[in-house]
Amino acid sequence: MKRITIEELRNMKGKEGLIIQGCGGDLNEWVAGINGLLTEAGILLAGDVFRNISVFQNGEVTSLLFHMDDVNLDMGKLAVWRIKTHENFSGTWLSDYLDNYFNRDETEEMEEERY
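The present account deals with the structure reproduced in this document. Within each chain, residues carry numbers counting from 1 in the order of the written sequence. Only residues with pLDDT of at least 70 get local features here, since the model is predicted, and only at 80 or more are side-chain atom pairs given and counted; chain-wide, interface and lining totals rely on the full set of residues. Hydrogens and water molecules were not included; the side-chain quantities draw on all heavy atoms of the structure.

Concerning the pattern of salt bridges
Here, a salt bridge means any side-chain nitrogen of Lys or Arg that lies within 4 Å of a carboxyl oxygen of Asp or Glu. Following the criterion strictly, the structure yields one salt bridge and no others. Among the ionic pairs, Arg51 bridges to Asp48, the shortest N-O distance being 2.5 Å. When its relative accessible area of 53% is taken as the criterion, Arg51 is described as exposed. Categorising residues by exposure relies on relative accessible area from a 1.4 Å probe, with only protein chains included: less than 20% of the type maximum marks a residue as buried, more than 50% marks it as exposed, and the intermediate range marks it as partly exposed. Judged by its relative accessible area of 14%, Asp48 falls in the buried class.

Structure follows, in structure tokens:
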């Protein structure tokens, strides 16, 4: 697990991953738990697991980013799982997170500059 800054996260445009927000306690337990749930749900295939995980802090919220590069998974099942478990894990795609947290701020700044 690698700790990254918000600036490093912002520079991940064009990449994709699953973000689990609001993680507390032992982050290794979160990683093992998410990998276990995804294995049980038939999302992680052929015994694969997420190995490339980043942790970042946005304000007071600690989040885990599960990078999707080189992971054998069923993307359709993962999409459904993310929606079904959103209330529990506040899961979102990296691309959506970047759009919602960073592009919005940049758009608002540009609008304010016009006035």
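Re the nonpolar core
Working definition of a nonpolar core: buried Ala, Val, Leu, Ile, Met, Phe, Trp, Tyr and Cys residues. They are joined through side-chain atoms within 4.5 Å. Of all hydrophobic cores here, the largest spans 21 residues; its most connected members are Phe50, Phe66, Leu78 and Trp81. By the criteria applied, helices consist of DSSP H or I runs no shorter than four residues and strands consist of E runs no shorter than two, each listed in order from the N terminus. The set of elements that each furnish at least two residues to this core consists of strand E2 (17-21), helix H2 (27-40), strand E3 (53-58), strand E4 (61-67) and helix H3 (75-84). Per-element tally for this core: the top contributor is H2, with four residues. By size, the runner-up hydrophobic cluster in this structure holds ten residues, among which are Met12, Ile19, Leu65 and Leu94.

Let's talk about the sheet that holds strand E5 (residues 92-93)
In this analysis, strands are considered paired if DSSP registers two or more bridges between them. Taken in spatial order, the five strands line up as E1-E3-E4-E2-E5 in an open sheet, and their pairing is mixed. The strands lining the two open edges of the sheet, one partner per strand, are strand E1 (2-3) and E5. Examined bridge by bridge, E3 and E4 share six bridges and lie antiparallel to one another. Looking at E4, one finds that Ile53 is bridged to Phe66. Where H2 meets the sheet, its contacts fall on E1, E2, E3 and E4, and the angle it forms with E4 comes to roughly 45°. Contact criterion: two residues are considered in contact whenever any of their non-hydrogen atoms come within 4.5 Å of each other. To get an axis, fit a line to the C-alpha atoms, keeping to the stretch in contact for a helix; angles then go from 0 to 180 degrees between the N-to-C directions.

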